[in-house]
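If you want the building blocks of each chain, they are given just below.
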Amino acid sequence: MRVLENWDAAGRTQKSLIIKLIAVFLSIQIVLLSVFAVTLIVIDGTRAYTAGSEYYVIGQKTAAYSLMRYSKTEDPADFARFKEFLDIPQGDGAAHTNMRMDDLDWDAAREGLRRGRNLDSDIPFMILMYRLAGDTALMRPATEIWREADTLIAELALTGEQLHTAIEAGQSDAEIDDILDRIHILDARLTELEFDFAAAIGTIAIQIKTLSVIVIAALSTILWGIAIAAGLRIAAHADRNETALIRSQARFQDIADTAADWIWETDAEGRFTYLSRNAERLLNVDRDAILQGAGVADGLVALQDAFAKREAFRDLKVVRDRSEGGQRHFALRGKPVFDERGQFLGFRGTGTDVTQQVEAEHAILRAAVAANDANQAKTMFLANMSHELRTPLNAVIGFSEAMERQMFGAMNATYVEYAGIVRRSGEHLLSMLSDLLDISRISQGAINLETETVDVDAVIADSVRDALSAHSDQDRKIEIQMPPDVPHLDADKMRLRQIVTNLLTNALKFSEPPSVVHVAVVRQDRGLVIKVTDNGIGINPRDIARVMEPFVQAESGLERKRQGAGLGLPLVKQLVELHGGTFKLTSVPGEGTVAEVFLPESRILA
């Protein structure tokens, strides 16, 4: 085959491995960039803090010197100069306080660092460095120094105000000298802290540089190790894929050559690019000639329609002549193949030899036609025989009834009884022949309903009378449940009476005396229901479908205790369906049966 699934699987595995490697490399690259970015921030931050500390020292020293000068000159300009230069470390202190907060106010921090004479370009790095490393062991010594210096600057500001107050109040030289001593002490301590802060910032820069070199070297080593391991793994994987592909090709070829189906593939122009070897035998074609570009063989042109649609297809029928004579039938299945860009590449599929199936279907069809012809012949025979038997049977019934009534003179009581038996048997036989004739005529479509306005009350009453007349010698009853407003029907009165009579007769016949059969009429939204309920022997649910067929009874053979040919229920069902209704039986063995005749709304007259 042009493209095997194993190529796809191998490609997917290879691609997955490459994607994983790319992800690892990108992750390490991101880490390297992050380390580099943090390093830049810290280096620029340390440079900025170093530069800013010079202004801090200048501001603090100038402020202390201005206080000393003010104590001698008592010139307000010197005190103003003190406050001006003290604002430089105070600005750094305000920024420091804001940067320590969880909710950083960038504007406030930026404004404080500007007061500290820091460059605008350095301020973002100073803030970022403090936020990233201010609470770490790396920067904690510097931040603690800064925090102490902020406290001392605040104390220096307070002491300066005290000096100003003392001079303004004309206090003694001793009191002023005492304040100046505190100023000297504060100035000396701040000088120490400024040297310590510069040293701590320098240490941070050295440690960050060293750590960055170590991290970058380690990550570079990991990258080289991953690259070497990945190269070795890809090479080994490629070898395994090649071996697996060769085995898969051989396996596929063995399956294709031995399978009952034949396998095929085409290009986008419809030329076969692959045919399994058994296709040559099954299709009676020259496989090599087709694969060398001979085109679609005769009989496979049906594929061209599928190619035009470029849609998957199933059970496309193809017929080929056999070399030994006759024909072979095939069912083709195929699906279009597209590349990753959606470009059509051709079709792939299989072909199945369905000759035996097609021949079996033809045989079944011929058998069905023959069976239908035989059934028609049987129906015609039964109809003719029923008609021919009715004439002599009517004579038998008539003469036996005359003898039973002793119309031609008195007879022996035994003969009268025998005449009654002959009459009842004849009437029973005539009823069966009538039912048989009706079924035959219905199956031939020879019965047309003679519809009229039908009084349902009257039909039920007549049917009850007919059914009870056949069981007058037994203790059986029929109870009628009829609502007061039963509508009239547009129906065949005789056939409707035949339906109800058959159901009542069946219910009485299969109920042991004493018994009561109920017949009810129920008005529904979609039509009218006539329901006959008995408490007889019932029918097994699995036999209900069978008893709807002619000549079938739930009791059969030696089990049969009741007469009948099994025509009543099938006839009821067919007559109900002629009226556009439905017939339903529900039964529980030993409890009884419910028969429901449903007549649609279209049969109800307003």
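For the structure, check the block above.
Residues numbered from 1 in each chain as written. Predicted model: local features only at pLDDT ≥ 70, side-chain atom pairs only at ≥ 80, totals over all residues. Heavy atoms only, no water.

On the surface, a cluster of negative charge is contributed by Asp173, Glu175, Asp177, Asp178 and Asp181. What makes Asp177 partly exposed here is its relative accessible area of 41%. (Patch = residues over 30% accessible without salt bridge, like charges linked within 9 Å, V, L, I, M, F, W, Y side chains within 5 Å. Areas by Shrake-Rupley, 256 points an atom, 1.4 Å probe, with all protein chains shown as cover. Salt bridge = Lys/Arg side-chain N within 4 Å of Asp/Glu carboxyl O. Lys, Arg positive; Asp, Glu negative; His and termini not counted. Charge placed at Lys NZ, Arg CZ, Asp CG, Glu CD. Buried < 20%, exposed > 50% of the residue type's maximum accessible area, 1.4 Å probe, protein only.)

Together, Ile18, Ile22 and Leu26 give the surface a local cluster of nonpolar side chains, amounting to about 270 Å² of exposed area. Within the fold, Leu26 resides in helix α1 (residues 5-73). (Helix = DSSP H or I, 4+ residues; strand = E, 2+ residues; numbered from the N terminus.)

A few words now on the pairing of strand β11 (residues 582-588). On β11, burial follows the alternation: Phe583, Leu585 and Ser587 on one face are buried, whereas Thr582, Lys584, Thr586 and Val588 on the facing-out side are not. Pairing between β11 and strand β12 (residues 592-600): seven bridges, direction antiparallel. When the bridges of β12 are listed, Leu585 appears paired with Ala595. A loop of three residues connects β11 with β12, the two strands running antiparallel in sequence, and Gly590 in this loop sits at a positive phi of about 85 degrees. (Pairing = 2+ DSSP bridges.)

Across the sheet, which stays open at both edges, the five strands sit in the order β7-β9-β10-β12-β11 with mixed pairing between neighbours. For this open sheet the edge positions go to β7 (476-481) and β11, each flanked by a neighbour on one side alone. Direction aside, the axes of adjacent strands within the sheet are offset by 15 degrees on average. In the packing of helix α13 (residues 493-509) onto the sheet, contacts are made with β7, β9 (515-524), β10 (527-534), β11 and β12, and the angle to β10 comes to roughly 25 degrees. Contacts from helix α15 (residues 568-578) reach β11 and β12, with the element oriented near 145 degrees to β11. (Axes fitted to C-alpha atoms, helices over the stretch in contact; angles between N-to-C directions. Contact = heavy atoms within 4.5 Å.)

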